[in-house]
Amino acid sequence: MKTIEANFDGLVGPTHNYAGLSRGNRASIHHAGKVANPREAALQGLEKMRALSELGFVQGVLAPQERPDIAILRRLGFTGSDLRVLADAAEQMPAVLAACCSASSMWSANAATVSPGADCADGKVHFTPANLINKFHRSIEHDVTGKILKSTFKNPDHFMHHQALPANNDFGDEGAANHTRFCHDYGAQGVEFFVYGREAFNPQVISPQKYPARQSLEASQAIARLHQLDPTRLVFAQQNPAVIDQGVFHNDVIAVGNRNLLFCHEQAFVGQTAVYESLTKAYGSLGFNLDFHLDFHIVEVAEQQVSVAQAIGSYLFNSQLLSLEDGGTMIVVPSECEHEPAVWGYLQGILNDSSCPITDLKVFDLRQSMNNGGGPACLRLRVVLNEQELAATNQQCLINDQRISSLNNWVKKHYRDHLSEQDLADPLLLTESRTALDELTQILDLGSVYPFQN
């Protein structure tokens with residue numbers, strides 16, 4: 001049975017704006033207060049989905065959150081009609097209103113951690129929505145995220161959905177941005193690699209001093225248990241606290257992996273040599289390979305080739321690695337990589353290196369997302385599916401020519417071409433957003449996943 005890795009990209013929501021909500025994310029803070037273009041942001045994301053679908057990759061889409069989040073504002077004590085709640089929040093707590101308008105669910109790498117059936121003892125695909133407890137504007141996502149995932153992957157014979165971990169910083173979980181999987185073949189058992197920033201119950205372990213470590217070891221361990229993963233096929237590694245303090249808020253800003261390839265900076269992990277040894281040993285336990293192309297490969301970028309600052313500025317590692325039919329690997333990067341000479345020179349060098357498993361390059365303009373600190377890898381949630389699981393997936397959430405056309409037209413009909421922080425209090429924005437999302441649930445056959453629909 002053929003098994004593929006599908007990428008489900010988050011659709012940018014109608015309230016995409018630059019409120020600078022994410023401390024530790026340099027791009028988010030740098031662009032705070034600037035005017036955003038929600039329409040352009042959504043169309044840029046859809047263009048990436050379309051292009052990769054046309055290249056033969058299975059591509060899906062995940063719906064955004066309802067924003068402004070009136071239900072959360074009511075939990076914070078605002079009362080009256082929805083418009084009254086919106087007006088009072090804008091007057092009394094504009095920063096909280098901005099958080100309740102964030103379109104950050106577009107970065108679906110943070111939506112959940114996903115393990116394929118080949119790795120899970122019960123043979124089902126497991127999903128655990130991330131609690132995202134470190135940031136208020138993201139901590140309010142997981143309930144609706146869970147509903148959207150259940151509507152996208154709703155057959156209980158194939159899919160198992162868990163609750164988010166307890167909403168406490170000791171179990172802070174940021175989803176697939178700190179998780180990857182290595183395997184010979186997508187349909188065979190693999191090695192799941194969890195990267196964490198701190199040990200919540202072991203204060204002696206070094207941790208960053210300037211910015212928060214958002215993922216805890218304990219959260220990663222809990223997810224491994226929930227997903228019924230084989231302990232001998234797990235590797236846990238600590239993210240280098242020094243790079244977190246430079247703005248590497250998730251592992252996918254400093255490292256990315258796929259199938260039999262780890263692409264990372266030399267400063268990505270604590271005890272990097274030991275991490276490599278653990279991964280190589282665990283991968284080797286999957287069985288002997290006669291095919292050299294399926295050996296485990298580590299492509300490490302030295303600081304003298306690309307500095308941590310250059311990697312963060314270009315989002316070199318916030319890239320997608322996609323397996324090609326000829327055995328090579330395509331790397332998908334944002335256009336910012338073209339504008340950083342050291343990064344672009346490095347990429348050209350590896351493409352001309354016959355010993356490097358990265359053989360092809362694709363560049364996308366994702367400027368609206370990048371301005372808020374999210375590149376190609378942030379925008380997608382990877383889900384490994386065999387033929388039966390793919391058939392059991394909500395087909396309306398899979399990208400094809402008709403779906404792309406419908407979604408492009410939907411965006412052009414409902415989205416504004418500019419949005420500032422001051423616009424978030426506009427009562428028309430609430431009406432526009434709800435009208436758009438109500439129509440979207442019909443396009444994607446999601447049912448009533450939003451609070452306003454109930």
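Going by the structure above, here's the rest.
Residue positions within a chain follow its written sequence, with the count starting from 1. Side-chain atom pairs in this predicted model are given and counted only at pLDDT of 80 or more, local residue features only at pLDDT of at least 70, and totals for whole chains, interfaces and linings cover all residues. As a convention, hydrogens and water are excluded, and side-chain values are obtained from all of the structure's heavy atoms.

Enquirer: Would you mind showing me how to read the overall build of the chain here?
Expert: Along the chain, the regular secondary structure elements total 16 helices and 15 strands. The quantity called the radius of gyration is restricted to C-alpha atoms. Its globule counterpart is 2.2 Å times the number of residues to the power 0.38. In terms of C-alpha radius of gyration, the chain reaches 21 Å, essentially the compact-globule figure of 22 Å for 454 residues. When its C-alpha atoms are laid out on the principal axes, the chain stretches across 65 × 45 × 40 Å. The cut-offs for exposure are 20% and 50% of the maximum accessible area for each residue type, with area from a 1.4 Å probe on protein chains only; residues under the lower value are buried, those over the upper are exposed, and the others partly exposed. The 454 residues of the chain split such that 62% are buried. Any two residues whose heavy atoms approach within 4.5 Å at even a single point are treated as in contact. Taking all contacts inside the chain whose residues are at least 6 apart in sequence as the whole, residues at least 24 apart take part in 76%. Within the chain, the 50 negative side-chain charges are centred at a point lying 5 Å from the centre of the 34 positive side-chain charges. Secondary structure elements follow DSSP: runs of H or I of four or more residues count as helices, runs of E of two or more count as strands, with numbering from the N terminus. Only four residue types enter the charge count, namely Lys and Arg as positive and Asp and Glu as negative; His and the chain termini do not. For this purpose, a charge sits on NZ of Lys, CZ of Arg, CG of Asp or CD of Glu.

Enquirer: Please clarify how helix α12 (residues 341-351) should be interpreted in this entry.
Expert: Since there are 3.6 residues in each turn of an α-helix, residues three or four apart along the chain are aligned in direction. Taken residue by residue, α12 has Val343, Tyr346, Leu347 and Ile350 as its buried positions. Down the axis, α12 shows its buried residues gathered within 100° of arc, on one side only. The arc in question is the one spanned by the directions pointing from the helix axis to the C-beta atoms.

Enquirer: What am I meant to see in the sheet that holds strand β3 (residues 112-115) here?
Expert: Hydrogen bonds between backbone groups are what pair the strands of a sheet, and the pairing can be parallel or antiparallel. A pair of strands is treated as paired once DSSP finds two or more bridges between them. Spatially, the three strands line up as an open sheet ordered β3-β4-β5, and their pairing is mixed. Edge positions in the open sheet fall to β3 and β5 (159-161), since each of these has one partner strand only. Between one strand and the next, the sheet's axes are offset by a mean angle of 15°, whatever the strand orientation. Across three bridges, the pairing between strand β4 (residues 125-129) and β5 is parallel. Considered in β5, the bridge of Phe127 is made with His161. Interaxial angle, 0 to 180 degrees, is taken between N-to-C directions of lines fitted to C-alpha atoms, where a helix line uses only the stretch in contact. In the packing of helix α7 (residues 142-152) onto the sheet, the strands contacted are β3, β4 and β5, and the crossing angle to β4 comes to about 160°.

Enquirer: I would appreciate a short explanation of the nonpolar core in the present structure.
Expert: Among soluble globular proteins, nonpolar side chains are generally buried collectively. Among buried residues, the Ala, Val, Leu, Ile, Met, Phe, Trp, Tyr and Cys ones that are joined through side-chain atoms within 4.5 Å form a nonpolar core. Grouped together as the largest cluster of nonpolar side chains are 82 residues, with contacts concentrated most on Phe193, Phe269, Val383, Leu385 and Leu440. Among the elements that make up this core, the one with the highest residue count is helix α2 (residues 38-54) (six residues). Residue contacts for Phe193: discarding those within four places in its chain leaves Asn178, His179, Thr180, Phe182, Val235, Ala237, Phe269, Val275 and Leu279. Judged by nonpolar contacts, the second largest core, of 20 residues, contains Leu261, Val301, Tyr346 and Cys356.

Enquirer: Looking at this structure, how should I read the packing of helix α4 (residues 82-92) against helix α16 (residues 427-443)?
Expert: Working note: a packed helix pair is described by the angle between its axes plus the distance between those axes. Relative to each other, α4 and α16 sit at 130°, their axes nearing to 10 Å. What the angle tells us is that α4 and α16 run oblique. Remark: the crossing between α4 and α16 carries right-handed chirality. When α4 is examined against α16, the residues Asp82, Leu83 and Leu86 are found in contact with a partner set consisting of Pro427, Leu430 and Arg434. Under this grouping Gly is polar, as are all residues other than the nonpolar Ala, Val, Leu, Ile, Met, Phe, Trp, Tyr, Cys and Pro and the charged Asp, Glu, Lys and Arg. Of the residues that constitute the contact of α4 with α16, the class distribution is four nonpolar, no polar and two charged. To sort the angles, those under 35 degrees are grouped as roughly parallel, those over 145 as roughly antiparallel, those from 65 to 115 as roughly perpendicular, and the leftovers as oblique. A crossing counts as left-handed when the near helix is turned anticlockwise from the far one by less than a right angle, and as right-handed when that turn is clockwise.

Enquirer: Looking at this model, I keep getting lost on the pairing of strand β6 (residues 179-182). Mind explaining?
Expert: As a general feature of sheets, a regular strand has side chains that alternate between the two faces. The alternating pattern of β6 places His179 and Arg181 and Thr180 and Phe182 on opposite faces, both of which are buried. Relative to strand β7 (residues 191-196), β6 runs antiparallel, the two sharing four bridges. Bridged to His179 within β7 is Phe194.

Enquirer: What is the right way to look at the pairing of β4 in this model?
Expert: Within β4, five of the five residues are buried, which leaves it mostly tucked inside the rest of the structure. Burial along β4 is two-sided: Val125, Phe127 and Pro129 facing one way and His126 and Thr128 facing the other are all buried. Where β3 lies against β4, four bridges are found, and the strand directions are antiparallel. By the bridge assignment for β4, Ala112 is matched with Pro129.

Enquirer: Sorry if this is basic, but what is going on with unusual backbone geometry here?
Expert: With the exception of glycine, the majority of residues adopt a negative phi angle, and the majority of peptide bonds are in the trans configuration. With an omega of 0°, the peptide bond between Arg67 and Pro68 qualifies as cis. In this model, Tyr315 sits at a positive phi of 60°, which is unusual for a non-glycine residue. Mapped onto the secondary structure, Tyr315 falls in the loop between α11 (308-314) and β12 (320-323). One non-glycine residue, Asp445, lies in positive phi territory at about 55°. Within the fold, Asp445 resides in the segment after α16.

Enquirer: Mind showing me how you'd approach the packing of aromatic side chains here?
Expert: Note on aromatic pairs: each is described by the distance of the centres and the angle between the planes. When two rings of Phe, Tyr or Trp (its six-membered ring) have centres within 6.5 Å they constitute a pair, described as stacked for plane angles under 30 degrees, edge-to-face for angles over 60, and tilted for the intermediate range. The tally for this structure, following the rule as stated, stands at 14 aromatic pairs. A centroid spacing of 6.2 Å and a plane angle of 70° characterise the contact between Phe127 and Phe159, whose relative ring orientation is edge-to-face. Of this pair, Phe127 sits in strand β4 while Phe159 sits in strand β5, placing them 32 residues apart in sequence. Ring geometry for Phe153 against Phe159: centres 5.4 Å apart, planes inclined by 70°, an arrangement best described as edge-to-face. Each member of the pair, Phe153 as well as Phe159, carries the same accessibility label: buried.

Enquirer: What is the right way to look at α4 in this model?
Expert: Considered for burial, the residues of α4 that qualify are Val85, Leu86, Asp88 and Ala89. Close packing links the buried residues of α4 with α3 (70-75), α5 (94-99) and α16.

The values are spatial; any link to function lies outside them.
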